[in-house]
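Chain and residue survey
Spelled out from the first residue to the last, the chains are:
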Amino acid sequence: MSDDLNRPGPTINPYRAPLSEEPSSANSDVVQLAKRWRRLVARILDAVILSPVLILVFFIVFRDDWLNSFLAEIVAPQDSMGALDVVWTGTVFSFQVLALQIIVYTLVNGYLLAKRGQSVGKWLMKIRIVDYYSSEITPLRFSLVLREGIAYLLGIFGLLGTLVSLVDVLFIFGGKQRCLHDYWAMTKVVNVGFLDEEKNETLAALRDSPR
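Note that the structure is predicted; figures quoted are calculated from it, not measured. Residue numbers here run from 1 along each chain, matching the order of that chain's written sequence. The model is predicted, so local features are restricted to residues of pLDDT at least 70 and side-chain atom pairs to those at 80 or more, both for listing and for counting; the totals for chains, interfaces and linings are taken over all residues. Side-chain descriptors were evaluated using all non-hydrogen atoms of the structure, hydrogens and water having been removed beforehand.

Digging into the packing of aromatic side chains
The criterion for an aromatic pair is that two Phe, Tyr or Trp rings (for Trp, the six-membered ring) have centres within 6.5 Å, with stacked assigned to planes under 30 degrees apart, edge-to-face to planes over 60 apart and tilted to the rest. One pass over the full model with this rule turns up two aromatic pairs. Arranged with centres 5.2 Å apart and planes meeting at 85 degrees, the rings of tyrosine 132 and tyrosine 133 form a pair that is edge-to-face. We classify tyrosine 133 as exposed; its relative accessible area is 67%. Both rings, one in phenylalanine 171 and one in tyrosine 183, keep their centres 5.9 Å apart while their planes meet at 75 degrees; by these two values the pair is edge-to-face. Of this pair, phenylalanine 171 sits in the loop between α8 (158–170) and α9 (180–185) while tyrosine 183 is found in helix α9, placing the two residues twelve residues apart along the sequence. Consider the ring centre and the ring normal. A charge sits over the ring if Lys NZ or Arg CZ is within 6 Å of that centre and within 35 degrees of that normal. The ring of tyrosine 183 carries arginine 178 above its face, with NZ or CZ at 4.2 Å from the centroid. Per-residue accessibility, obtained with a 1.4 Å probe over protein chains only, is compared with the maximum for each type, and a residue is labelled buried under 20%, exposed over 50%, and partly exposed between these values. The helix count covers DSSP runs of H or I at least four residues long, the strand count covers runs of E at least two residues long, and both are numbered beginning at the N terminus.

Next comes the structure, spelled out in structure tokens:
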């Protein structure tokens, strides 16, 4: 019995670090998430880039015919256009403008959103949209329809839409640094190098693993 107790065996250092330690989700989120100022500048760049394109498209599609006829009917002395007609005509025009905005946004940013999770502004600022849970590039229906489409749709609802848009933006100052549209689209915005680093680590692990 004493010989068994004195027999040398493998020594284990109780103070050594674990062989594999996964980073906590809180720390990884801090490293991965794009800075608020980068997201703001990216949004401003998108607006600056899209504005002249939208103005050109509006001029080609509508010119001044619709506006002139609409104003003429409003100020005309005859009662040919009632209040409901004015509201209906304005609503139809608002949806037409919304549709054109979404079409132009898709033409300018659709390819980058589908392939890289980026608008042009996000591409310039080296940030991208990814799925909140898997951190993979989101399908176009999430990044385009849920994130941008709903945000554009809010503009139709006047003051209410403006208030919701303001709340949407203010959500970025929360601990998770996500706007309201990130929650309903289940997305987050990360630095562009994050996915590349993750892929490199995965490839390195596969290369170093015993065969």
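Here's the deal with the pairing of strand β2 (residues 187–191)
Among the five residues in β2, four count as buried, and that is most of the element. Alignment of strand β1 (residues 127–131) against β2, held across five bridges, turns out to be antiparallel. In the sheet register, isoleucine 127 faces β2, and the bridge partner there is asparagine 191. At least two bridges found by DSSP between two strands are what make those strands a pair.

Comments concerning the confidence of the model for the protein
The predicted structure's coordinates, where accompanied by low pLDDT, should not be read in detail. Across the protein, the average pLDDT comes to 75, with 64% of residues at 70 or higher. Every residue gets a pLDDT, meaning the predictor's confidence in that residue, from 0 to 100. For the protein, per-element mean pLDDT is lowest for helix α2 (residues 25–32), which scores 48, and highest for helix α6 (residues 120–124), which scores 94. In what follows, a contact means two residues having at least one pair of non-hydrogen atoms within 4.5 Å. Within the model, pLDDT remains below 50 along residues 9–13, and this stretch shows zero contacts once partners closer than five positions in the same chain are excluded. Of the regions scoring below 50 in pLDDT, residues 15–31 engages in two contacts with residues more than four places distant in sequence or in other chains.

Comments concerning the environment of glutamine 177
Relative to the elements of secondary structure, glutamine 177 occurs in the loop between α8 and α9. Counting along the chain gives 141 residues from glutamine 177 to arginine 36, while the straight-line C-alpha distance between them is 7.2 Å. In this structure, glutamine 177 is in contact with Leu33, Ala34, Lys35, Arg36, Arg39 and Ile172, ignoring residues within four places of it in sequence.

A word on the pattern of salt bridges
For salt bridges, the criterion is a side-chain nitrogen of Lys or Arg within 4 Å of an Asp or Glu carboxyl oxygen. Enumeration according to the criterion identifies three salt bridges in this entry. Note that glutamate 148 is salt-bridged to arginine 43, the shortest N-O span being 3.1 Å. Remark: arginine 43 occurs in helix α3 (residues 36–61) and glutamate 148 occurs in helix α7 (residues 140–154); sequence separation between them is 105 residues. Taking relative accessible area as the criterion, glutamate 148 reaches 4% and is therefore assigned buried. Overlapping salt bridges bring together Arg39, Arg147 and Asp182 as one network.

Considering the layout of surface pockets
One simple way to see leftover space: roll a probe sized like a water molecule over the atoms. Approximately 690 Å³ is the volume attributed to the largest pocket. Listed by contribution, the elements that provide at least two residues to the lining of the largest pocket are α3, α5 (83–116), α7 and α8. Ranked by residue count, the leading element in the lining of the largest pocket is α3, at ten residues. Here the lining of the largest pocket is built from residues that sort into 13 nonpolar, four polar and eight charged. Note on definitions: the grid is 1 Å and covers protein atoms alone; a cavity is a set of points where a 1.4 Å probe fits but cannot get out; a pocket is an open set with protein on both sides within 12 Å along at least five of seven lines; lining residues have an atom within 4 Å of a point. Grid points are joined across faces, edges and corners, and a volume is the space filled by probe spheres set on the points. Note that Gly is not counted as nonpolar here; it falls among the polar residues with everything else outside the nonpolar set of Ala, Val, Leu, Ile, Met, Phe, Trp, Tyr, Cys and Pro and the charged set of Asp, Glu, Lys and Arg.

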